[in-house]
Amino acid sequence: MEKVSLGPRPYMTPMPTVIVGATIGGKPNFMTVAWAGVACMNPPMVAIAINKMRYTEKGILENKSFSVNIPAAKNAVEVDYCGIVSGNKADKSKVFKTFYGKLKTAPLIDDFPVNIECEVRHTLDLGSHNLHVGEVIDVHVAKECMTGGVPDTKKIDPLVFSGSDYCHIGKVISKAFSVGKGFKK
Ligand SMILES: Cc1cc2nc3c(=O)[nH]c(=O)nc-3n(C[C@H](O)[C@H](O)[C@H](O)COP(=O)(O)O)c2cc1C
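Conventions adopted
Residues numbered from 1 in each chain as written. Predicted model: local features only at pLDDT ≥ 70, side-chain atom pairs only at ≥ 80, totals over all residues. Heavy atoms only, no water. Salt bridge = Lys/Arg side-chain N within 4 Å of Asp/Glu carboxyl O. Helix = DSSP H or I, 4+ residues; strand = E, 2+ residues; numbered from the N terminus. Buried < 20%, exposed > 50% of the residue type's maximum accessible area, 1.4 Å probe, protein only. Pairing = 2+ DSSP bridges. Patch = residues over 30% accessible without salt bridge, like charges linked within 9 Å, V, L, I, M, F, W, Y side chains within 5 Å. Areas by Shrake-Rupley, 256 points an atom, 1.4 Å probe, with all protein chains shown as cover.

Asker: Got a sec to walk through the pattern of salt bridges? Specific residues and values, please.
Answerer: Counted according to the given criterion, the structure contains 6 salt bridges. With its nearest N and O atoms 3.0 Å apart, the salt bridge here joins Asp91 to Lys27. Within this pair, whereas Asp91 is found in the loop between α2 (76-84) and β7 (98-99), its partner Lys27 is found in strand β3 (residues 27-33), the two being separated by 64 residues in sequence. A relative accessible area of 41% means that Lys27 is categorised as partly exposed. As a salt-bridge pair, Asp138 and Lys102 come within 2.8 Å of each other at their nearest N and O atoms.

Asker: Just give me the short version of the pairing of strand β6 (residues 65-70), but keep the residues and values in it.
Answerer: Looking down a regular strand, the side chains alternate between one sheet face and the other. Most of β6 sits inside the fold, with 5 of its 6 residues counted as buried. Both strand β2 (residues 18-24) and β6 contribute to a ladder of 3 bridges, which runs antiparallel. The residue bridging Ile19 from the neighbouring strand is Asn69, located in β6.

Asker: Can you tell me about a nonpolar patch on the surface, naming the residues and giving the values?
Answerer: On the surface, Val4, Leu6 and Tyr11 cluster together into a nonpolar patch covering about 360 Å² of accessible area. Structurally, Val4 can be placed in the segment before β1 (15-16). Residue class for Val4 comes out exposed when judged on its relative accessible area of 71%.

In structure tokens, the structure reads:
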């Protein structure tokens, strides 16, 4: 394949789209985050890259906790709103119906199929962004999105962020940890 150099930039595609929740001055705030992923299995950890200018950042630093809420594709309008409007300018505390699990400073979004409660274990100052590594304290999944005791991605129908578009996840093409067994040199 002939390649084109893009220069140094944090290019990655596709990305998830989640809503990070935090409490600032006793009030919940929510922001859209695409730079998020799993960081460790044992203990279970996830990582989020948050620009230091974000209002949400204040709450993460204040309480050392945050939530990661996985939306369904049908939630795209609220998701995008939380990514274009700052809590510095508008009150986003009432955008979603919220509930709390074990952590009283990690607001969880009732209408989203998956909610993850996290306690900050590490904050890496990387420059424009802080990388917060949070230990997962609990995961809440909508009963209707479970199949055989495990979360069902098809039922969750998560939002995928690709280029500047929100997309559905594509169709299954093969089995992971299995299809590679057919590799021949
Ligand atoms: C699709 C999408 C993905 C985004 N991903 C991130 C991200 O990973 N990290 C970040 O700091 N900001 C990200 N943003 C920008 C913030 O969500 C946006 O600045 C938001 O208004 C911040 O809200 P706050 O100031 O209330 O915290 C994203 C925005 C959109 C629309």
